[in-house]
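Notes for the structure review
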Amino acid sequence: MLFAREGGLTAWSLPLSLLLLAAWEAGSGQLHYSVPEEAKHGAFVGRIAQDLGLELAELVPRLFRVASKERGDLLEVNLQNGILFVNSRIDREELCGRSAECGIHLEVIVDRPLQVFHVEVKVEDINDNPPVFRSREQRLFIPENRQLDSRFPIEGAADADIGANALLTYTLSPNDYFSLEVQASDELSKSLSLKLRKSLDREETPEFHLLLRATDGGKPELEDTAQLLISVLDINDNTPVFEQALYRVHLLETTANGTLVTTLNASDADGGVNGEVVFSFGNDVSPNIQEKFKIEPSSGEIRLIDNLDYEETKSYEIQVKAVDKGSPPMSNHCKVLVKVLDVNDNAPEVVITSVSLPIREDAPFSTVIALISVSDLDSGVNGEVTCSLSPHSPFKLVSSFKNYYSLVLDSTLDRESTSGYALVVTARDGGSPSLWASATVSVEVADVNDNAPVFAQPEYTVFVKENNPPGSHIFTVCARDADAQENALVSYSLVERRVGERLLSSYVSVHAESGKVFALQPLDHEELELLQFQPRQPNPDWRYSASLRAGMHSSVHLEEAGILRAGPGGPDQQWPTVSSATPEPEAGEVSPPVGAGVNSNSWTFKYGPGNPKQPGPGELPDKFIIPGSPAIISIRQEPTNSQIDKSDFITFGKKEESKKKKKKKKGNKTQEKKEKGNSTTDNSDQ
């Protein structure tokens with residue numbers, strides 16, 4: 001992870017040579033910069049915030065951050081000016097070896113909304129590595145009877161740079177006897193040898209001291225030298241000769257240890273011990289090759305002794321010497337090129353980053369839930385990775401860049417139906433057989449208040465006797481909300497209005513939490529036969545914004561004082577009472593009335609509109625035989641968007657003509673009782 005640094009960094013203070021190209025690659029969505037290796041700390045790379053279209057002021061609030069799979073301390077971003085700069089020494093050879101392409105891949109991530117950008121910083125090679133001879137001094141033994149134009153191999157230098165910076169030229173110190181011959185090919189490094197131009201005479205010149213110089217093609221040029229010590233000998237005048245100057249071998253990276261790689265063959269025209277050849281690796285063979293291969297000195301067999309890995313090394317160039325047993329010994333060399341063939345031996349890797357959870361159930365389509373990257377160390381089709389998502393869900397994978405995906409919302413969520421998803425991201429390569437890997441993303445759906453409370457029944461009908469004690473519990477309403485936690489909390493209240501000259505709240509109240517309905521004063525059948533009211537949720541701002549509510553109707557029919565009993569064979573009905581009640585604050589809606597009273601001595605408990613319900617254990621019976629007039633409480637749920645006429649909400653004192661005639665027959669005694677009830681009502685209003 002690269003961290004932003006505080007402090008000023010201005011473009012004018014940087015060398016002009018460090019102001020490098022920054023351009024969006026057409027259609028790829030990737031930003032490219034370049035920087036030379038060994039650039040000093042603070043060297044300008046690019047105005048990354050500006051090039052990505054981001055404002056400087058939003059870098060910190062949107063949690064601007066940069067991530068890299070390579071060393072995370074090489075580059076850094078200044079959040080004050082949005083400049084990407086060099087933070088620590090970049091050594092191209094350490095970072096990429098001898099690879100022709102070398103770059104640092106950055107992922108730039110910002111939140112609110114979540115976005116990811118891909119930035120490629122190319123590390124350009126500079127000529128910071130001179131040629132190096134492994135041996136500062138090379139000794140050659142040449143018999144005096146060697147023919148003109150004979151060639152004697154010598155070891156060249158190696159340069160850790162690439163391209164022109166590693167293109168070596170060789171020169172030999174002036175002399176009359178030897179010239180330098182260089183053989184080059186596209187696949188192999190240069191092979192050096194000394195060519196004999198003048199016959200040797202040990203008695204005249206027994207030794208030569210020559211200087212071999214290697215110079216690279218960089219600017220400025222770098223060089224190294226090695227001493228060539230040539231001893232002129234007689235006798236044993238034939239060198240071993242290989243059948244081939246170059247041996248080519250192809251090995252699968254899964255080749256087992258001990259496998260024969262190839263067998264070299266070299267012959268020596270000399271007889272006896274002067275013609276016996278011993279094979280060995282050249283002095284310039286790297287330790288890595290010696291760890292992977294071994295050569296049998298007498299037979300020339302080369303065998304594999306360690307595991308191969310195509311992703312680590314794709315080819316090996318092995319120099320082999322053949323030296324006879326003469327005195328002095330004669331030698332020759334050849335090269336073995338081992339190319340490693342890729343096998344699908346690496347499963348893909350899945351990395352899930354920047355998970356944004358939980359997701360609200362009302363989140364819009366294409367909301368990003370997580371960023372996913374996949375990779376495979378194999379090459380070709382073995383390294384081509386495809387990604388899939390299972391099981392079927394309201395989410396999908398969107399490819400934002402090669403091997404980079406976004407997990408996004410693709411359809412509507414409903415927490416009440418499904419509160420969470422266990423998603424499996426599977427990455428599968430194109431090898432045969434195919435290898436795969438998976439990772440699980442647990443997506444939690446966050447609740448939003450999208451469900452209104454629902455009462456258990458749309459309508460209730462209940463009888464109540466008149467002259468009840470104040471604070472009597474006459475009924476309990478119940479509503480449920482399918483949402484969760486605070487969104488599922490239900491509170492009850494009455495819709496206030498006037499009943500004649502008095503407020504409804506002077507007659508009844510509902511407990512905000514329990515839903516219990518209480519009669520606040522004794523009810524008088526002769527004064528008020530029907531009382532209708534609507535319990536519902538309070539004003540939506542009472543608990544939190546965007547709350548949903550449900551309204552209900554209630555109508556109370558009062559009965560004359562008498563004994564409430566069941567019909568033949570039925571149990572007595574006992575009504576619960578409480579000593580006090582809690583009135584609720586005024587709400588804001590009303591609903592149409594349920595209707596006026598009835599004119600019979602029986603009553604029905606209604607479960608739904610027009611749907612009588614047969615009583616079950618512990619429920620109200622269908623019918624009661626009640627001396628006197630009936631009394632009914634009915635509760636009906638209304639749609640939340642219904643238009644309600646407040647003038648029709650409460651209806652009371654309405655009686656059929658048969659009821660009026662019956663009341664007139666009661667005489668002055670009944671009339672006095674009614675007047676007494678009205679007097680009580682007036683006192684309560686005061």
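Here we summarise the structure given alongside this text. Counting of residues starts from 1 at the beginning of each chain's written sequence and follows it residue by residue. With the structure being a predicted model, the display of local features is reserved for residues of pLDDT at least 70 and the display and counting of side-chain atom pairs for 80 or more, all residues being used for whole-chain, interface and lining totals. Each side-chain value is worked out from all heavy atoms of the structure, with water and hydrogens disregarded.

A closer look at the sheet that holds strand β15 (residues 191–196)
Two strands are counted as paired when DSSP detects at least two bridges linking them. A run of H or I in DSSP becomes a helix once it reaches four residues, and a run of E becomes a strand once it reaches two; helices and strands are each numbered from the N terminus. The strand order β11-β15-β14 describes an open sheet built from 3 strands, whose pairing is antiparallel. Every interior strand has two partners, whereas the edge strands, β11 (151–154) and β14 (178–183), have only one. Taking each pair of neighbouring strands and ignoring which way they run, the sheet shows an average axis angle of 30°. For β11 and β15, the ladder comprises 4 bridges, and the chain directions are antiparallel. Bridge pairing in β15 places Pro 153 opposite Ser 193. Axis definition: a line fitted to C-alpha atoms, limited for helices to the stretch in contact. Angles are taken between N-to-C directions and run from 0 to 180 degrees.

A look at the pairing of strand β43 (residues 516–519)
As defined by bridge partners, strand β37 (residues 472–476) adjoins β43 across 4 bridges and the pair is classed as antiparallel. Across the sheet, the residue bridging to Thr 476 is Lys 516, located in β43. Here 3 bridges tie strand β42 (residues 508–510) to β43, and the two strands are oriented antiparallel to one another. Each residue of the ladder has a partner; that of Ser 509, found in β43, is Phe 518.

Description of the pattern of salt bridges
Criterion for a salt bridge: a side-chain nitrogen of Lys or Arg within 4 Å of a carboxyl oxygen of Asp or Glu. Here the structure, examined in full by the defined rule, presents 16 salt bridges. Here Arg 415 ties to Glu 416 by a salt bridge, and the two come within 3.1 Å at their closest N and O atoms. A 1.4 Å probe rolled over the protein chains alone gives each residue an accessible area, and that area as a share of the maximum for its type sets the label: buried under 20%, exposed over 50%, partly exposed in between. A relative accessible area of 15% means that Arg 415 is categorised as buried. We note a salt bridge from Arg 415 to Asp 447, for which the minimum N-O separation is 2.8 Å. With Arg 415 in the loop between β32 (404–409) and β33 (420–429) and Asp 447 in the loop between β34 (436–446) and β35 (454–455), this residue pair connects regions lying 32 residues apart in the sequence. The residues Arg 415 and Asp 447 share a single accessibility class, namely buried. Beyond isolated ion pairs, a larger network of salt bridges with shared partners links Glu 38, Arg 89 and Asp 91.

Description of the state of the cysteines
Throughout, disulfides are identified as pairs of cysteine sulfur atoms within 2.5 Å of each other. Tallied over the entire structure, the rule returns 1 disulfide. The disulfide partner of Cys 96 is Cys 102, and the gap between their sulfur atoms is 2.0 Å. Its S-S torsion of about 70° marks the bond between Cys 96 and Cys 102 as right-handed, since a negative value means left-handed. We note that Cys 96, like Cys 102, is buried.

Structural notes on the nonpolar core
Only buried residues count toward a nonpolar core, which is a set of Ala, Val, Leu, Ile, Met, Phe, Trp, Tyr and Cys residues joined through side-chain atoms within 4.5 Å. Judged by nonpolar contacts, the single largest core of 29 residues is most densely connected at Ile 48, Phe 64, Leu 75, Leu 84 and Val 121. Counting residues in each nonpolar core, the second largest holds 26 residues, with Val 277, Phe 281, Ile 289 and Ile 302 among its members.

Remarks on the packing of aromatic side chains
Between rings of Phe, Tyr and Trp, where Trp is taken as its six-membered ring, a pair exists when centres lie within 6.5 Å; planes separated by under 30 degrees are stacked, by over 60 edge-to-face, and by other angles tilted. All told, the structure shown has 9 aromatic pairs when counted by the stated rule. Aromatic side chains Phe 242 and Phe 279 sit 6.1 Å apart centroid to centroid with 55° between the ring planes, which places their arrangement in the tilted category. With Phe 242 in strand β18 (residues 241–242) and Phe 279 in strand β22 (residues 277–281), this residue pair connects regions lying 37 residues apart in the sequence. For Phe 242, a relative accessible area of 10% gives the class buried. Classification of Phe 279 as buried rests on a relative accessible area of 5%. The interplanar angle of 75° and the centroid separation of 5.3 Å between the aromatic rings of Phe 293 and Tyr 316 together place this pair among those described as edge-to-face. Residue Phe 293 is found in strand β23 (residues 293–295), and its partner Tyr 316 is found in strand β25 (residues 315–324); the two are separated by 23 residues along the sequence.

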